[in-house]
Amino acid sequence: MNTSKGSSVYERIGSLERLLLTIVIVSGVFMAVLDTTIVEVILPKIMAPLATDLYGVQWVVTSYMIASATFLLFIETLAKSTGLKWTFVIGQVLFTSASFLCANATNLAQMIIFRSLQGVGEAFIVASGETILFSIYPPDKRGTAMGIYALSVSFAPALGPTLGGYLTEHFSWHHVFLINIPVGIIGSIMSSTMLPEVIERKEKFSINLASFIFAGIATTSLLTLLSKGQQKGWFTSPYIVKLYTLSAIFYFLFFLNEYFSKNKLIEWNIFRFQEFTNALAVYFFILGLSMYQVFYLLPIYYENLRLLGTFDTGLHILPMAITIGIVSIVSGLMSDKVGEQNVLVVSSLILIIGTLFFLPKLDYYTPKKISTLYTIPWAIGVGMFFAPVTTLALRNLGEYTNLGVSLLHYIRFIGGSFGTALATNTLQKAIAKHQESILAEQFKSLSYINLKINEWTQLVSSLYPFDIAQKKAKALLYKVTQLMALNYAIKDTFIHSVYFVFIGLIFIIPLVIRKRGNGKGNI
């Protein structure tokens, strides 16, 4: 994206100004991305105030995700008319205002509407923020820029459970939203006064409304399907079948309308850039499908299997989050020094080792401190991935850079939703399989099992009548059976997540062996 003066944005910015702009952008993105996971902690606590149940309260998360994913497709159109700077500022104002409204919501309908507004704000912030950050760094420093940006998009979601647990334990669920307000106000003021105009040749606002509506309905149907599939019984449910049909029909209508329309929502020429197309697949399979399975499983491991509280769970995940943040920056620096392809090779190997050999070691008997260490190799692999892949994807896009950023985030959302749904389904199936296997083994050793039940009954018979003591002993056996089934199921699901890393590697190979293009996209 060239300026009207024919010079690139990074050529007009000094080192100190670049540092200040980086802080402004990263703090805004960090605030927005944090809300993708921090709110999950408060769901049990807001069911009563919002007068809803466990299934209803899930819409607090789902509505945010749907709104954010859908409006990522709107950003390119908005940025052409308002500029990336004001798209970012609008996102911050919208997100901050919606945070205040969420904190004061009195029923589920209000919360869903306000969380949707938050999601729209988040979409504007993360996409425009990344493009601005990419543009203010010279080409030989853009790996560093993407490493810094990765600090927000990778570290923030992992920090969410810790911060959310602390706020809800020591204050109230309202503070999960209220904490955004001072950060958002300061960020909005600084952004509006400090950010440069990345797009100076603005166009009259014009949108292919039909394409946007078709894409919005298709995305909403797909993400709702993935979010509610396990609860509804997947394709045994008419509700899920209808969502699948709606998604397929409206995606078809979207592509059909785009094909015949002159005013397209998406510039399809972007897919002529092979590096971008391959990176899109890597985002879907590795930074979406695989990574979000692990993000989903770790809280289950600590809370459901190790029986830790929310805050303690967050503390055990925190070293992994810190590792991702530090390694992301180091990876960006290394990408600039030794080349993105070399960093990708190393990160791929570390990610495979971490996912295949370390995460499956997590079980009921793993010492808690050791369990934290087992997540570090995976964190290093994930932390090293974002900067080189993103830099390779965007470096030659030129005027399509902002669209490329939006599509990368959109596909990450879709991949992450698929990953969470697959992890849920795999985990439930594995629990049932292992529970059946454990019960079969218990049946083979029935005399031994009865002996243990009698021993446990005797232990508690001094506290309860005999019949109640015996029921408690049997309940204990059932609980142990459940825990062991969950134990083995979590290990299986961790291994399952590595399959998508291998699929992603198929698309990394062309990125690694492809020589650097001589031309750079001038932004």
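Think of each chain on its own: its residues are numbered from 1, step by step along the sequence as written. Residues qualify for local features only when their pLDDT is at least 70, as the model is predicted, and side-chain atom pairs are given and counted only at 80 or more; totals for whole chains, interfaces and linings, by contrast, use all residues. The side-chain quantities take in all heavy atoms of the structure and omit both hydrogens and water.

S.K.: Pulling in residues and values, what's your account of the overall build of the protein chain?
M.R.: Strands here are runs of E lasting at least two residues and helices are runs of H or I lasting at least four, both read from the DSSP assignment and numbered beginning at the N terminus. Regarding its fold elements, the protein chain presents 20 helices and 0 strands. In this setup the radius of gyration rests on C-alpha atoms only. A globule is expected at 2.2 Å times the number of residues raised to 0.38. Taken over C-alpha atoms, the radius of gyration comes to 24 Å for the protein chain, in line with the 24 Å a tight globule of 523 residues would show. Dimensions along the principal axes, computed over C-alpha positions, put the protein chain at roughly 90 × 50 × 45 Å. Each residue gets one of three labels from its accessible area relative to the maximum for its type: buried under 20%, exposed over 50%, partly exposed in between, using a 1.4 Å probe on protein chains only. Sorting the 523 residues of the protein chain into buried and exposed places 56% on the buried side. Here a residue-residue contact requires only that any non-hydrogen atoms of the pair lie within 4.5 Å. Partitioning the intrachain contacts of the protein chain with sequence separation of at least 6 by distance along the chain shows that 85% fall at a separation of at least 24. Here the protein chain holds 38 positive side-chain charges and 27 negative ones, and the gap between their average locations is 2 Å. Only four residue types enter the charge count: Lys and Arg as positive, Asp and Glu as negative, with His and the chain ends excluded. Taken as the charge location is NZ of Lys, CZ of Arg, CG of Asp or CD of Glu.

S.K.: Residues and numbers for the packing of aromatic side chains, please.
M.R.: Side-chain rings of Phe, Tyr and Trp (the six-membered ring for Trp) are treated as a pair once their centres are within 6.5 Å; stacked means planes under 30 degrees apart, edge-to-face means over 60, and tilted covers the remaining angles. Taken as a whole, this structure holds 26 aromatic pairs when the rule is applied. Between Tyr-149 and Phe-386, the ring centres sit 5.9 Å apart and the planes meet at 25°, which makes this aromatic pair stacked. Here the residue Tyr-149 occupies a position in helix α8 (residues 142–170), and Phe-386 occupies one in helix α17 (residues 376–394), the gap between them amounting to 237 residues. For the residue pair Tyr-149 and Phe-386, the accessibility class agrees, reading buried in each case. Summarising the aromatic geometry, the rings of Phe-358 and Tyr-374 are spaced 6.2 Å apart at their centres and angled 55° between planes, so their arrangement reads as tilted.

S.K.: I'd love a proper account of the nonpolar core, names of residues and values included.
M.R.: Formed by 148 residues in total, the largest nonpolar core has its most connected members in Val-29, Ile-136, Met-320, Trp-378 and Phe-385. At 19 residues, helix α13 (residues 274–305) tops the list of elements feeding residues into this core. In these notes, a set of buried Ala, Val, Leu, Ile, Met, Phe, Trp, Tyr and Cys residues joined through side-chain atoms within 4.5 Å is what counts as a nonpolar core.

S.K.: How would you explain α8 if you had to name every residue and give the values?
M.R.: In a helix, the anticipated span is given by 1.5 Å times the number of residues less one. With 29 residues, α8 extends 40 Å from end C-alpha to end C-alpha; this agrees with the ideal 42 Å at 1.5 Å per step. Its maximal kink placed at Gly-160, α8 deviates by approximately 40°, while the proline Pro-161 follows within four residues. The buried fraction of α8 amounts to 24 of the 29 residues, a majority that puts the element mostly inside the structure. At every residue, the bend is computed as the angle between two fitted axes, covering the seven residues ending there and the seven beginning there respectively.

S.K.: Tell me about a nonpolar patch on the surface, and please be specific about residues and values.
M.R.: There is a patch of nonpolar side chains on the surface, built from Ile-322, Ile-326, Val-330, Met-334 and Val-338 and spanning about 400 Å² of accessible area. Within the secondary structure, Ile-322 sits in helix α14 (residues 310–338). On the accessibility criterion, Ile-322 (39% relative accessible area) is partly exposed. Patch rule: a residue counts if its relative accessible area is over 30% and it has no salt bridge; like charges are joined within 9 Å, and nonpolar side chains (Val, Leu, Ile, Met, Phe, Trp, Tyr) within 5 Å. Computed with a 1.4 Å probe, the accessible areas rest on the Shrake-Rupley method; for each residue, only the protein chains presented here act as cover. Every case where a carboxyl oxygen of Asp or Glu lies within 4 Å of a side-chain nitrogen of Lys or Arg is listed as a salt bridge.

S.K.: Tell me about the confidence of the model for the protein chain, and please be specific about residues and values.
M.R.: On a range of 0 to 100, pLDDT expresses the predictor's confidence in each residue. Chain-level pLDDT for the protein chain is 86 on average; 96% of the residues reach the 70-or-more range. Per-residue pLDDT stays below 50 along residues 515–523; that stretch engages in 30 contacts with residues further than four places along the chain or on separate chains.

S.K.: With reference to specific residues and values, describe the packing of α13 against α17.
M.R.: What counts as an axis is a line fitted to C-alpha atoms, over the stretch in contact for a helix, and the angles between N-to-C directions run from 0 to 180 degrees. Close contact between α13 and α17 brings their axes to 10 Å; oriented N to C, the two are set at 155°. In this view, α13 runs roughly antiparallel relative to α17, as classed from their interaxial angle. Remark: the crossing between α13 and α17 carries left-handed chirality. Here Glu-275, Phe-276, Ala-279, Val-282, Tyr-283, Ile-286, Leu-287, Met-291, Val-294 and Phe-295 of α13 come into contact with α17, specifically with Trp-378, Val-382, Phe-385, Phe-386, Val-389, Thr-390, Leu-392 and Ala-393. When residue character is reported, Ala, Val, Leu, Ile, Met, Phe, Trp, Tyr, Cys and Pro are called nonpolar, Asp, Glu, Lys and Arg charged, and the others, Gly included, polar. Split by residue class, the contact of α13 with α17 holds 16 nonpolar, 1 polar and 1 charged. Should an angle lie under 35 degrees it is considered roughly parallel, over 145 roughly antiparallel, and from 65 to 115 roughly perpendicular; all remaining angles are considered oblique. Crossing handedness is defined as follows: a turn of the near helix away from the far one that is anticlockwise and smaller than a right angle gives a left-handed crossing, while the clockwise case is right-handed.

S.K.: If you had to explain helix α12 (residues 238–260) to someone new, which residues and values would you point to?
M.R.: Under the 1.5 Å per step criterion, the end-to-end length of α12 is 33 Å for 23 residues, consistent within 8% with the ideal 33 Å. Residue Ser-237 occupies the N-cap position of α12, its side-chain oxygen lying 3.2 Å from the main-chain nitrogen of Tyr-239. Identification of polar contacts relies on pairs of N or O atoms within 3.5 Å, with a donor-acceptor requirement for protein atoms, meaning one able to donate a hydrogen and the other able to accept it, and with residues adjacent in sequence counted only if both atoms are side-chain atoms.

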